[in-house]
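# Summary of the model geometry
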Amino acid sequence: QVQLVESGGGLVQAGDSLRLSCAASGRSFSGTAMGWFRQAPGKEREFVSMTWSSGVTDYADSVEGRFQIFRDNERNTVDLQMNSLKPEDTAIYYCAASRSGDYRKAQSYAYWGQGTQVTVSS
């Protein structure tokens, strides 16, 4: 059974940092894209960051320069370091893996975690 389990969310103040972690089990994702999406109340799930097995990464414009994605293929994990957090970063953050199609679209991913809440107060 394939599972993605996120951890590391919480309540922080604007300007603080958080590090989210996603641990995959049940199969190796070393040859596929892994990354993060987020969904705020009343909004669609949106792309945050992605990393490929080659080490190439990409970020949404809204987080570029503040967030950094890290991948460990041996441990089958992907982390998201979030710095200089803003209230607009408040959302449930989801780990995603195994893409087929546009990597910025949520429907392209076969596997999802249950999500972890990040709340940033002003």
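What comes next is a walk through the structure. (Residues numbered from 1 in each chain as written. Predicted model: local features only at pLDDT ≥ 70, side-chain atom pairs only at ≥ 80, totals over all residues. Heavy atoms only, no water.)

## Overview of the nonpolar core
Counting 32 residues, the largest nonpolar core has W36, F67, L80, M82 and Y93 as the members making the most contacts within it. Those residues within four positions of M82 in sequence are excluded, and the remaining contacts are D16, S17, L18, L20, R66, F67, Y93 and V118. (Core = buried A, V, L, I, M, F, W, Y, C linked by side-chain atoms within 4.5 Å. Buried < 20%, exposed > 50% of the residue type's maximum accessible area, 1.4 Å probe, protein only. Contact = heavy atoms within 4.5 Å.)

## Topic: the state of the cysteines
Using the criterion set out here, one finds 1 disulfide in the structure. Between the sulfur atoms of C22 and its disulfide mate C95 the distance is 2.1 Å. The disulfide joining C22 to C95 has a torsion of about -80° about its S-S bond and is therefore left-handed. Taken together, the residues span a long stretch of sequence, with C22 in strand 3 (residues 18–25) and C95 in strand 9 (residues 91–99) at a distance of 73 residues. For C22, a relative accessible area of 1% translates into the label buried. (Disulfide = S-S within 2.5 Å. Helix = DSSP H or I, 4+ residues; strand = E, 2+ residues; numbered from the N terminus.)

## Digging into the pairing of strand 8 (residues 77–82)
Counting buried positions along strand 8 yields 6 of 6 residues, so the element is predominantly enclosed. Here strand 8 shows two buried faces, one formed by T77, D79 and Q81 and the other by V78, L80 and M82. Pairing of strand 3 with strand 8 involves 6 bridges; the strand directions are antiparallel. Residue pairing across strands places C22 opposite V78, the latter belonging to strand 8. The pairing of strand 7 (residues 67–72) with strand 8 spans 6 bridges and is classified as antiparallel. Among the inter-strand pairings, R71 is bridged to a residue of strand 8, identified as V78. Counting the residues in the hairpin turn of strand 7 and strand 8 gives 4 residues, including N76, whose phi is positive at 60°. (Pairing = 2+ DSSP bridges.)

That's the geometry; what it means functionally is another story.
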